[in-house]
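Here's the letter readout for the chains.
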Amino acid sequence: MKRTDLLLIGGGASGLCAAVAAKRARPGASVLLLEHLPRVGKKILATGNGRCNLGNLHAGEHPYKNRAFAHGVFAQLGTDELLAFFRSLGLYTRADSEGRLYPLSNTAASVLDALRLACARLGVETLCETRAESIRKTNGGFAVNDRFAAEKLIVCCGGCAAPAQGSDGSGFALLRSLGHEITPLKPSLVQLTTDTTKIRALKGVRAAAKLTLSTGGEAAGEVLFTDYGLSGIAAMDLSRFVIPDRKATVTLDFLPDFSAQELTKILGALCRSDPALPAENLLTGFVPKALGLAVLKASLPAVPQQVSAIQPNEIQNIAAALKGFALPLTGTKSWRDAQVTAGGASVKQFDRRTLESRLCPGLYACGEVLDVDGGCGGFNLEWAFLSGLVAGRSAAEALSE
Ligand SMILES: Cc1cc2nc3c(=O)[nH]c(=O)nc-3n(C[C@H](O)[C@H](O)[C@H](O)COP(=O)(O)OP(=O)(O)OC[C@H]3O[C@@H](n4cnc5c(N)ncnc54)[C@H](O)[C@@H]3O)c2cc1C
């Protein structure tokens with residue numbers, strides 16, 4: 001049996017931060033990180049389209065799931081501390097107009113390198129291609145795979161989203177084996193599948209919209225029409241609210257800054273001032289032409305040649321369709337396409353200040369394996385990094401002398 005003071009399972013965003021924090025808190029402690037892929041941090045490289053949206057200036061106010069629990073971490077360390085942590089590793093960042101934080105280099109590899117090299121410099125031992133299959137409580141702590149013994153253990157295996165990047169749900173099985181409750185899991189920040197009758201001709205078209213889900217939930221931003229339904233930041237954000245197996249409709253408002261009445265007036269005036277205008281061009285000043293045509297088809301019995309043939313009551317219908325383009329939801333894409341897991345280890349069983357298990361003292365969890373998730377914009381990595389820093393520091397400080 002190989003003995004170590006602190007053992008971490010999972011070399012992703014939260015695990016790498018936890019390892020650095022643990023070594024900084026207790027430089028003399030032995031810290032071992034197990035990663036089942038050939039290299040650590042594979043998912044970090046895929047984040048933010050390869051640019052790594054590593055946090056958000058507004059994370060403190062973000063409506064995370066289990067926000068009160070997440071605030072146990074944010075009360076200790078916030079975005080300023082996250083940025084100071086990265087600066088201490090030599091990594092500098094910039095914020096965009098929405099507060100999304102990226103490395104100055106604009107490449108995710110810089111973030112992984114900063115964390116990976118800090119682990120090596122501080123003496124964290126990393127074992128790749130080593131999968132944790134079992135955890136057993138022992139007198140002095142924990143045994144993993146009956147091969148590694150440690151006084152303290154951090155489970156930082158991520159969730160089920162994007163299994164090709166290493167996180168295949170095994171962390172849930174490990175925690176469940178020790179009696180932890182796992183709340184229902186579903187893919188989140190994932191594309192929406194819808195009835196495609198009205199959007200068949202729109203594949204590849206992008207538009208700004210406010211999206212509302214009939215069962216509750218809203219999101220705003222860019223949508224991308226696809227051959228299965230909707231992608232883009234607004235659709236991914238709305239997926240947080242989808243209730244699996246529950247019928248729902250997604251309604252798109254392409255012009256949230258106008259009322260239906262205002263639009264009816266404007267479109268009526270356009271039709272009167274230029275009666276020979278080809279009807280298919282009526283909406284080109286508002287939305288992309290192909291989308292305008294789809295809106296006209298959804299609101300008129302047939303799209304006429306010229307706007308002069310559109311009746312006043314039909315103009316009202318067009319305005320209503322621009323503000324309420326409804327698509328029946330059929331579901332979401334799968335774990336393979338999801339960025340995040342909604343659901344996870346029940347936060348009731350963890351101390352929100354230390355992230356130590358209430359069921360198994362000496363065991364800690366951080367990142368996506370816990371039942372905390374946020375929307376698009378850097379919020380999930382910020383949670384993973386900050387919860388990793390807190391779990392790593394707490395576990396190291398709790399080691400016996
Ligand atoms: C394509 C994509 C893009 C994203 N972009 C962003 C973004 O720009 N901004 C943002 O905030 N969030 C983004 N996310 C979400 C973010 O990456 C995750 O929320 C975050 O990585 C979670 O960190 P984690 O440490 O909990 O888990 P992970 O980063 O998934 O790390 C878990 C690690 O544990 C390892 N592991 C799992 N099981 C075992 C086991 N049994 N034994 C040993 N090792 C194991 C895995 O191989 C993995 O390396 C994105 C996600 C994806 C998939």
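Computed from a predicted model, the values in this text were never measured in an experiment.

Conventions we followed
- Residues numbered from 1 in each chain as written.
- Predicted model: local features only at pLDDT ≥ 70, side-chain atom pairs only at ≥ 80, totals over all residues.
- Heavy atoms only, no water.
- Helix = DSSP H or I, 4+ residues; strand = E, 2+ residues; numbered from the N terminus.
- Buried < 20%, exposed > 50% of the residue type's maximum accessible area, 1.4 Å probe, protein only.
- Axes fitted to C-alpha atoms, helices over the stretch in contact; angles between N-to-C directions.
- Parallel < 35°, antiparallel > 145°, perpendicular 65-115°, else oblique.
- Left-handed = near helix turned anticlockwise from the far one by under 90°.
- Contact = heavy atoms within 4.5 Å.
- Nonpolar A, V, L, I, M, F, W, Y, C, P; charged D, E, K, R; others polar.
- Core = buried A, V, L, I, M, F, W, Y, C linked by side-chain atoms within 4.5 Å.
- Salt bridge = Lys/Arg side-chain N within 4 Å of Asp/Glu carboxyl O.
- Pairing = 2+ DSSP bridges.
- Near = heavy atom within 4 Å.
- Polar contact = N/O pair within 3.5 Å; in protein donor to acceptor, adjacent residues only side chain to side chain.
- Areas by Shrake-Rupley, 256 points an atom, 1.4 Å probe, with all protein chains shown as cover.

Peer 1: Break down unusual backbone geometry for me, citing the residues and quoting the values.
Peer 2: With phi around 55°, Asn-49 is a residue other than glycine that occupies positive phi space. Among the structural elements, Asn-49 can be located in the loop between α2 (42-46) and β3 (55-56). With relative accessibility at 81%, the residue Asn-49 sits in the exposed group.

Peer 1: Break down the packing of helix α8 (residues 260-273) against helix α10 (residues 312-323) for me, citing the residues and quoting the values.
Peer 2: It is at 9 Å that the axes of α8 and α10 come closest, and there the two elements cross at 130°. When the interaxial angle is binned, α8 and α10 end up oblique. Two packed elements cross with a definite hand, and for α8 against α10 that hand is right-handed. Side by side, α8 and α10 meet where Ala-260, Leu-263, Thr-264, Leu-267, Gly-268 and Cys-271 of the first sit next to Ile-315, Gln-316, Ile-318, Ala-319, Leu-322 and Lys-323 of the second. Per-class residue counts for the contact of α8 with α10 are eight nonpolar, three polar and one charged.

Peer 1: Run through the nonpolar core, naming residues and quoting values.
Peer 2: The biggest cluster of nonpolar side chains holds 82 residues, and the ones touching the most others in it are Phe-86, Leu-115, Ile-154 and Phe-385. The greatest single-element share of this core, amounting to eleven residues, is contributed by helix α11 (residues 379-397). Every residue in contact with Phe-86, bar those within four places of it in the chain, is listed here: Leu-54, Leu-91, Val-111, Leu-115 and Phe-385. In this structure, Ala-207, Leu-263, Leu-282 and Leu-296 belong to the second largest nonpolar core, which totals 44 residues.

Peer 1: Help me get a handle on the pattern of salt bridges, residues and values and all.
Peer 2: On inspection of all chains with the given rule, the structure shows 14 salt bridges. The partner of Arg-116 in a salt bridge is Asp-113, and the shortest N-O contact between them spans 2.8 Å. Residue Arg-116 and its partner Asp-113 are both found in helix α5 (residues 108-122); the two are separated by three residues, about one turn of the helix. For Arg-116, a relative accessible area of 29% translates into the label partly exposed. A relative accessible area of 31% places Asp-113 in the partly exposed class. Note that Arg-131 is salt-bridged to Asp-168, the shortest N-O span being 3.0 Å. Highlighted residues: Arg-131 in the loop between β6 (125-127) and β7 (135-137) and Asp-168 in the loop between β9 (148-155) and α6 (170-177), separated in sequence by 37 residues. What you see here is one network of salt bridges that share partners, running through Asp-96, Glu-98 and Arg-100.

Peer 1: Which residues make up the sheet that holds β3, and what values do they have?
Peer 2: Spatial strand order, β3-β5-β4: three strands in an open sheet with antiparallel pairing. Each having just a single partner strand, β3 and β4 (93-95) make up the two edges of the open sheet. Bridging between β4 and strand β5 (residues 100-103) involves three bridges; their strand directions are antiparallel. If you follow Thr-93 over to β5, its bridge partner there is Pro-103.

Peer 1: Quick one: what's the story with the site of the ligand, residue by residue and with numbers?
Peer 2: Around the ligand, the surrounding shell holds 35 residues, and the nearest of these are Ser-14, Glu-35, Lys-43, Glu-368 and Leu-381. The side chain of Ser-14 places a nitrogen or oxygen atom 2.7 Å from an oxygen atom of the ligand. Contacts to the ligand include Gly-48, whose backbone N or O atom sits 2.8 Å from an oxygen atom. Alone, the ligand offers 1,000 Å² of accessible surface; in the complex the protein occludes 94% of this. Among the elements of the structure, α1 (13-25), α2 and α11 are those that each provide at least two residues to the shell around the ligand. The greatest single-element share of the shell around the ligand, amounting to four residues, is contributed by α11. Of the residues assigned to the shell around the ligand, the class counts are 14 nonpolar, 17 polar and four charged.

Shape descriptors only; they carry no functional weight alone.
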